[in-house]
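Each chain is listed here by its residues.
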Amino acid sequence: MTRIRIQKYVAATTVAVALVGAPTVSYAASQGKAAHGTLQRVAAEKAPSARIVAPGEHVKVPGGAEIWLTEEGKHWTTPDNPEPQFRSVVDGNIDRGMPGVSLQTEGVAGHYFLSGLYYGGKGTASRVEVQTKDGVVHGKLLELSGKPGWGVWYATAEVPTTGDDGGLDYFGSVTVHDTKGKIYARLKLN
């Protein structure tokens, strides 16, 4: 009898140890099986958030572009245009107190490199979607540490299949969502 009790105790301890520190929101026991020590783990998805980067840290984008942030704004290069380009957040062209998002497009290696600033929204920016005539393109977010009040988004999109030349009329909107799924900032183009 002692051996059976020890095995049950060890099994329960193993389950408890495996659960310590797990990123799980809640646990539930299966009905009718709780007496046997069976637990089912119910995981909740964690909303993504912006990648935090150090000032000047280069982030490589599929297709060969690179982005880096400084306190002054967004910097980037592409394989076709290796000279650094810059979009300021301190020159007065944007009002960081109001929600906003911008869009820049460039052809890169048979794709489009899409990027822009986002700023002024409430909550924590979580994800970005670009609506095109061919569907939705999902991008990624970058921010400096602290609370700069702005960040950069980027994505890579296929060349349009609609016979469109990829001009701004090809893009319908850019929407940045917060961690609760609400709109952080939106740019409507059409």
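Up top is the structure.
This report concerns the structure included in the present document.

Concerning the sheet that holds strand β6 (residues 73–78)
Part 1 of the argument: Here 4 strands make up an open sheet; going across it, the order is β4-β5-β6-β7 and the pairing antiparallel. Unpaired on one side and paired on the other, β4 (59–60) and β7 (81–88) mark the two borders of the sheet.

Description of the side chain of Thr70
Part 1 of the argument: Looking at where Thr70 falls in the secondary structure, it is placed in strand β5 (residues 66–70).
Part 2 of the argument: Side chain to side chain, Thr70 and His75 meet in a polar contact 2.9 Å long.
Part 3 of the argument: When sequence neighbours within four positions are dropped, the list of residues in contact with Thr70 reads Gly56, His75, Leu144 and Trp150.

A word on the environment of Gly181
Part 1 of the argument: Relative to the elements of secondary structure, Gly181 occurs in the loop between β14 (171–178) and β15 (183–188).
Part 2 of the argument: Once the C-alpha coordinates of Gly181 and Ala47 are considered, the two residues, 134 residues apart in sequence, prove to be 8.6 Å apart.

Quick look at the packing of aromatic side chains
In this description, a pair of aromatic rings is defined by centroid distance and the angle of the planes.
Part 1 of the argument: Taken as a whole, this structure holds 2 aromatic pairs when the rule is applied.
Part 2 of the argument: Seen from their ring centres, Tyr118 and Tyr184 are 5.8 Å apart, and the 80° between their planes marks the pair as edge-to-face. Of the two residues, Tyr118 is situated in strand β10 (residues 111–119) and Tyr184 in strand β15; the sequence distance between them amounts to 66 residues.
Part 3 of the argument: The exposure class of Tyr184 is buried, given its relative accessible area of 7%.
Part 4 of the argument: A ring pair is formed by Tyr170 and Phe171, whose centres lie 5.1 Å apart and whose planes are at 80°; its orientation type is edge-to-face.
Part 5 of the argument: A cation sits over an aromatic face here: Lys74 above Trp76, 4.0 Å from the ring centre.

What counts and what doesn't
Residues numbered from 1 in each chain as written. Predicted model: local features only at pLDDT ≥ 70, side-chain atom pairs only at ≥ 80, totals over all residues. Heavy atoms only, no water. Pairing = 2+ DSSP bridges. Helix = DSSP H or I, 4+ residues; strand = E, 2+ residues; numbered from the N terminus. Polar contact = N/O pair within 3.5 Å; in protein donor to acceptor, adjacent residues only side chain to side chain. Contact = heavy atoms within 4.5 Å. Phe/Tyr/Trp six-rings, centres within 6.5 Å; stacked < 30°, edge-to-face > 60°. Buried < 20%, exposed > 50% of the residue type's maximum accessible area, 1.4 Å probe, protein only. Lys NZ or Arg CZ within 6 Å of the ring centre and 35° of its normal.

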